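# Fold and geometry: a report
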There are 2 protein chains.
Amino acid sequence: MSHKSKGTNAERELIHLFWAAGWASIRVAGSGSTKYPAPDVLAGNNIRRLAIECKSSKKEYVYLYKEEVGQLEEFCNVFGAEPWIGVRFDKQQWYFIPAQDLRDTGKRLRADLELVKEKGVIFDELIGLNL
Amino acid sequence: MSHKSKGTNAERELIHLFWAAGWASIRVAGSGSTKYPAPDVLAGNNIRRLAIECKSSKKEYVYLYKEEVGQLEEFCNVFGAEPWIGVRFDKQQWYFIPAQDLRDTGKRLRADLELVKEKGVIFDELIGLNL
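This text gives an overview of the structure that appears in the document. Remember, predicted model here, so these are calculated numbers, not experimental data.

Moving on, we come to the relation of the copies chain A and chain B. Once chain A is rotated about the relating axis by 180° and shifted along it by 0.0 Å, it coincides with chain B to within an RMSD of 0.0 Å. Such a combination of rotation and displacement between the chain copies is what one expects of a two-fold axis. Closest approach to the rotation axis within chain A is made by the C-alpha atom of A:Ala29, at a distance of 2.0 Å. The overlap is high: 100% of the interface residues of chain A also sit at the interface in chain B, so the same surface is used on both sides.

Now the structure itself:
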């Protein structure tokens, strides 16, 4: 399976999780390829709205470009949504981590399994947060 | 140009209009082909969120299936957004009409140029509404 379709499948899995929990969610078309900032997934429950940049990997770490994260935050500021990084490692559940908790490595930002377990929240916590 | 790519181009034009007006907007991936309800376009300005089902035509009328409109309303109820039908006829600007103002023709709902001019709003009115 290609890297891209693997990412798409992970996003679809997340869409199912939201609807099963009573939240509406959609995947964004052309995320990362249009000239406007956009998350990969948007979810809402009439009270909160979450914009999620999704990363999946067979390894136990993912990297994000700072520009990618900056665009997520810009989208959230204009639209009115919470910015989250969703990380799905093989044989692990989804973890969600705020952008500011990513590890700065210079050009890029890194999230590894240890970091998301320490700083992140799992799905039930993400949707149960009272912000 | 195919019917589908023509529709996609119309949606992209709408995305540009929103960003140019200081609203965030995205096209939804797989709208109409996933098992979950979803609009074609989502837009937000930190205060309001609009979910838009888009129809474009060379003719001066479009039809929508009642199920399509029902799914738009369901999405809006769960996500927290205003449901709108966006209609783009050739050589005309965009018009936006609430679902309940569409003309019932039995199996389907119809919007023609006369109806959208009477009951609809243009883009500047859509984003200027104080609801």
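Its identity is not glycine, yet A:Lys91 carries a phi of approximately 65°, on the positive side. Tracing the backbone shows A:Lys91 in the loop between strand E5 (82-89) and strand E6 (94-97).

Moving on to the sheet that holds strand E8 (residues 108-112) of chain A. All names here are of chain A. One open sheet holds the three strands; their spatial order is E4-E8-E7, and the pairing between them is antiparallel. A single partner strand is all that each edge strand has here, and the edge strands are strand E4 (61-65) and strand E7 (103-104). Where E4 meets E8, five bridges bridge the pair, whose relative direction is antiparallel. Within E8, the residue paired with Leu 64 across the bridge is Leu 109. Against the sheet, helix H2 (residues 66-79) touches E4, E7 and E8, its axis set at about 70° to E4.

Moving on, we come to the state of the cysteines. All names here are of chain A. Scanning all chains against the criterion turns up zero disulfides over all chains. Summary of cysteine pairing: Cys 76 is not part of a disulfide, and the nearest cysteine sulfur, belonging to Cys 54, is at 12 Å. By relative accessible area, which is 4% here, Cys 76 ends up buried.

Our focus in this paragraph is the layout of surface pockets. Residue and element names in this part refer to chain A. By volume, the largest pocket amounts to about 960 Å³. Along the wall of the largest pocket there are 32 residues; nearest its centre are Ser 31, Asp 40, Glu 53, Lys 55 and Glu 68. Mapped onto the lining of the largest pocket, the elements with two or more residues apiece are helix H1 (3-20), strand E3 (49-57), E4 and H2.

Residue and element names in this part refer to chain B. The end-to-end C-alpha separation of helix H2 (residues 66-79) is 20 Å, in line with the 20 Å expected for 14 residues at 1.5 Å each. Among the residues making up H2, those that are buried are Glu 68, Val 69, Leu 72, Phe 75, Cys 76 and Phe 79. Angular distribution of buried residues about the axis of H2 spans 120°; they occupy a single face of the element. Those residues of H2 that are exposed and angled more than 90 degrees off the buried face are Glu 67 and Asn 77. Following H2 by one or two positions, Gly 80 adopts a phi angle in the positive range, close to 95°.

Bringing the interface of chain A and chain B into the picture now. Where interface size is quoted, it is often the accessible area lost as the parts come together. Facing 25 residues of chain A, the contacting portion of chain B comprises 25 residues. Where chain A abuts chain B, roughly 2,100 Å² becomes buried across the two surfaces, and 72% of that area is made up of carbon and sulfur atoms. A per-residue breakdown of the area chain A buries against chain B is headed by A:Trp19, A:Tyr36 and A:Phe79, which together make up 31% of the total. Linking chain A with chain B are zero salt bridges. At the junction of chain A and chain B, the tally comes to ten residue pairs in polar contact (both at pLDDT 80 or more). When residues of the side of chain A that touches chain B are traced back to their parent elements, those giving at least two are H1, strand E1 (24-27), strand E2 (41-44) and H2 of chain A.

What counts as what
Residues numbered from 1 in each chain as written. Chains lettered and ligands numbered in written order. Predicted model: local features only at pLDDT ≥ 70, side-chain atom pairs only at ≥ 80, totals over all residues. Heavy atoms only, no water. Least-squares fit on C-alpha atoms with pLDDT ≥ 70 in both. Contact = heavy atoms within 4.5 Å. Helix = DSSP H or I, 4+ residues; strand = E, 2+ residues; numbered from the N terminus. Pairing = 2+ DSSP bridges. Axes fitted to C-alpha atoms, helices over the stretch in contact; angles between N-to-C directions. Disulfide = S-S within 2.5 Å. Buried < 20%, exposed > 50% of the residue type's maximum accessible area, 1.4 Å probe, protein only. 1 Å grid on protein atoms, 1.4 Å probe; cavity = no way out; pocket = protein on both sides within 12 Å on 5 of 7 lines; lining within 4 Å. Points joined across faces, edges and corners; volume = space filled by probe spheres on them. Expected span 1.5 Å × (residues − 1). Arc of directions from axis to C-beta. Buried area = accessible area lost by both parts, 1.4 Å probe. Salt bridge = Lys/Arg side-chain N within 4 Å of Asp/Glu carboxyl O. Polar contact = N/O pair within 3.5 Å; in protein donor to acceptor, adjacent residues only side chain to side chain.

Note that all results are geometric; they support no functional claim without further evidence.
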